[in-house]
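# Structural description and commentary
Each chain is listed here by its residues.
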Amino acid sequence: MRILSVSAPNAEPAIISAPIPSPSETQIQVRVAATALNFADLLLIEGRYQDTPPFPVVPGLEISGTITAIGTKVTGQKVGDRIAAIVGHGGLADYAVFEAGRALGLRDTIDDATAAAFQITYATAHLSLIRRARLAKGESLVVLGAAGGAGLAAVEVAKAIGATVIAVARGSERLAIARDAGADIMIDSADGDFSDALRSHAPFDVVYDAVGGATGTAAARRLKPEGRHLLIGFASGDHPTVKPNHLLVKNIDVIGFNISAYSKINPTALTESLKTLLHWHAKGAIRPHIGHTYPLAQANAALELLKSRKATGKIVITP
C-alpha cells in the first residue's frame with residue numbers, strides 16, 4: 001500500500017510503499033476512502049503536535065472508509081461496514097489500523113468525504129461551544145477565521161442552537177462563505193478599521209478563537225462581563241494577549257480546548273457528540289463545507305494549501 005511518510009521533524013513528506021498492517025485482537029483494518037486535513041497535521045510534520053508519535057510518522061487525523069479485517073475480540077462491527085474515525089495519525093494511506101472503539105458507524109445519508117471531514121471540526125465546535133463555553137440560545141458569538149473548516153463548523157453549530165454569529169474572515173469572498181453557512185454579521189479582518197468594526201458590534205458573550213495573535217487579542221477585549229474566550233488554535237502563529245487584570249475585573253473565562261484529548265479524558269462525550277452531529281447532518285442542520293479535494297499523490301500540494309491559510313472549508317484527500 002501507499003503511505004505519506006515523514007521521516008523526521010520538518011522533513012518533506014514522501015509517498016512510499018509499505019506492507020498493509022494487520023489488526024491486533026482489539027483493532028480493525030480499514031480501506032481508507034477519504035482523509036481530511038487539519039492544522040494539527042502541519043504540527044505533526046514539524047514534530048510540534050502535543051500527540052506526535054515517534055518518527056517516521058504518517059499524518060492524517062480523521063478518516064472514513066470500509067472495514068476490511070477485524071481483530072478476534074472485536075464485537076459489534078464486521079467486514080464491509082462503513083465507518084468514520086478520528087485516528088490521531090496514519091490517515092494519509094491506503095489502509096489504516098486502529099482500535100475498534102474509535103470507529104463511528106455510518107449510514108447512507110452521508111458520503112465518504114463528508115464523513116471524514118466533519119469529525120474534528122464539528123466535534124470541536126460542538127463540545128467547545130456547548131460543553132465548555134456554555135453558549136446558549138440568544139447569546140452572541142464571534143468566530144475568528146470563520147471561513148476555514150473550524151470556523152464554518154462553529155458558525156453552523158452556533159446557529160443550530162440559536163446564537164447570533166459574528167463572522168470574522170479575510171476578504172469578501174471568504175466572508176460570503178461564512179454568510180452562506182448562516183453567519184449574521186460579517187467583518188473583514190483585512191480592513192484597516194477592523195478593530196472599529198469589531199467594537200461596533202460589541203460586547204460579545206463568547207469568542208471562538210482558532211486564529212490567536214492580534215485578532216484574538218482584539219476580540220478578547222470586547223467580551224461582556226462573564227464572557228468566555230475559547231482558545232481553539234493559533235493559526236496566526238501566535239497566541240492572543242489577554243491581561244489578567246482584564247479577566248479579573250470583567251469576570252472573564254479563558255477556556256482551552258483540545259479535541260484530541262477527549263479520546264482519553266472522556267471518550268463517551270466525544271462519541272455522543274459525533275452521534276449528535278450525524279443526526280444533525282441527516283436533518284440538514286449542518287452542511288460540512290469541503291472546499292478542496294486532492295488525490296493522495298498530490299497530498300503535499302494539499303498540505304501547502306492548508307499551510308497558506310487560503311483554503312476555504314475542509315481539504316480532503318481521496319486515495
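Now for a description of the structure that goes with this document. (Residues numbered from 1 in each chain as written. Predicted model: local features only at pLDDT ≥ 70, side-chain atom pairs only at ≥ 80, totals over all residues. Heavy atoms only, no water.)

## Points about helix α1 (residues 39-46)
Within α1, six of the eight residues are buried, which leaves the element mostly enclosed by the surrounding structure. Of the positions making up α1, those classed as buried are A40, D41, L42, L43, L44 and I45. On its buried side, α1 packs onto β3 (27-36) and α10 (299-308). (Buried < 20%, exposed > 50% of the residue type's maximum accessible area, 1.4 Å probe, protein only. Helix = DSSP H or I, 4+ residues; strand = E, 2+ residues; numbered from the N terminus. Contact = heavy atoms within 4.5 Å.)

## Observations concerning empty space enclosed by the protein
A complete count under the given rule lists one cavity of 30 Å³ or more for this structure. Approximately 30 Å³ is the volume attributed to the largest cavity. Taken together, T121, Y122, G148, G149, L152, A153, P288, H289, G313 and K314 form the lining of the largest cavity. Only α2 (112-132) and α3 (149-160) provide two or more residues apiece to the lining of the largest cavity. Here the lining of the largest cavity gets three residues from one element, more than from any other, and that element is α3. The residue inventory of the lining of the largest cavity, partitioned by class, reads four nonpolar, five polar and one charged. (1 Å grid on protein atoms, 1.4 Å probe; cavity = no way out; pocket = protein on both sides within 12 Å on 5 of 7 lines; lining within 4 Å. Points joined across faces, edges and corners; volume = space filled by probe spheres on them. Nonpolar A, V, L, I, M, F, W, Y, C, P; charged D, E, K, R; others polar.)

## Some remarks on the sheet that holds strand β10 (residues 185-188)
The strand order across the open sheet built from six strands is β10-β9-β8-β11-β12-β13, with neighbouring strands paired in parallel fashion. The open sheet has two edge strands with one neighbour each: β10 and β13 (253-256). With strand direction ignored, the average angle separating the axes of adjacent strands in the sheet is 20°. Pairing of strand β8 (residues 140-144) with strand β9 (residues 164-169) involves five bridges; the strand directions are parallel. Bridged to S140 within β9 is T164. Running over the sheet, α2 touches β8, β11 (204-209), β12 (223-231) and β13 and is turned about 150° from β11. In the packing of α3 onto the sheet, contacts are made with β8, β9 and β11, and the angle to β8 comes to roughly 165°. (Pairing = 2+ DSSP bridges. Axes fitted to C-alpha atoms, helices over the stretch in contact; angles between N-to-C directions.)

## Re the pattern of salt bridges
Evaluation of the coordinates by the stated rule reveals 12 salt bridges. Among the ionic pairs, K78 bridges to D81, the shortest N-O distance being 2.9 Å. Residue K78 is classed as exposed on the basis of its relative accessible area of 52%. Put simply, R134 and D253 hold a salt bridge, and the shortest N to O gap is 3.2 Å. Placement of the pair is R134 in the loop between α2 and β8 and D253 in strand β13, with a sequence separation of 119 residues. (Salt bridge = Lys/Arg side-chain N within 4 Å of Asp/Glu carboxyl O.)

## Considerations on the side chain of T114
Mapped onto the secondary structure, T114 falls in helix α2. Those residues in contact with T114 that sit more than four places away from it in its chain are H281, P288 and I290.

## Considering the environment of P53
Inspection of the secondary structure puts P53 in the loop between α1 and β4 (62-70). With 36 residues separating them in the primary sequence, P53 and H89 have C-alpha atoms 8.3 Å apart. Leaving out residues up to four positions away in the same chain, P53 has contacts with L44 and H89.

## As for the packing of aromatic side chains
Following the criterion strictly, the structure yields one aromatic pair and no others. Its guanidinium or amino end placed over the ring of Y95, R31 lies 5.3 Å from that ring's centre, counting from NZ or CZ. (Phe/Tyr/Trp six-rings, centres within 6.5 Å; stacked < 30°, edge-to-face > 60°. Lys NZ or Arg CZ within 6 Å of the ring centre and 35° of its normal.)

## Overview of the pairing of β12
One ladder, built from five bridges, connects β11 with β12; its direction is parallel. Following the sheet pairing, D209 is matched in β12 by L231. Both β12 and β13 contribute to a ladder of four bridges, which runs parallel. Its bridge partner lying in β13, L230 is registered against I255.

## A word on the layout of surface pockets
The gaps of empty space that remain are located by a probe, the size of a water molecule, rolled over the atoms. The calculated volume of the largest pocket comes to roughly 1,300 Å³. Contributing elements (two or more residues each) for the lining of the largest pocket: α1, α2, α3, β9, α6 (213-220), α10 and β15 (314-318). Broken down by element, the residue count for the lining of the largest pocket peaks at five residues, all from α1. Here the residues of the lining of the largest pocket are counted per class, giving 24 nonpolar, 17 polar and nine charged.

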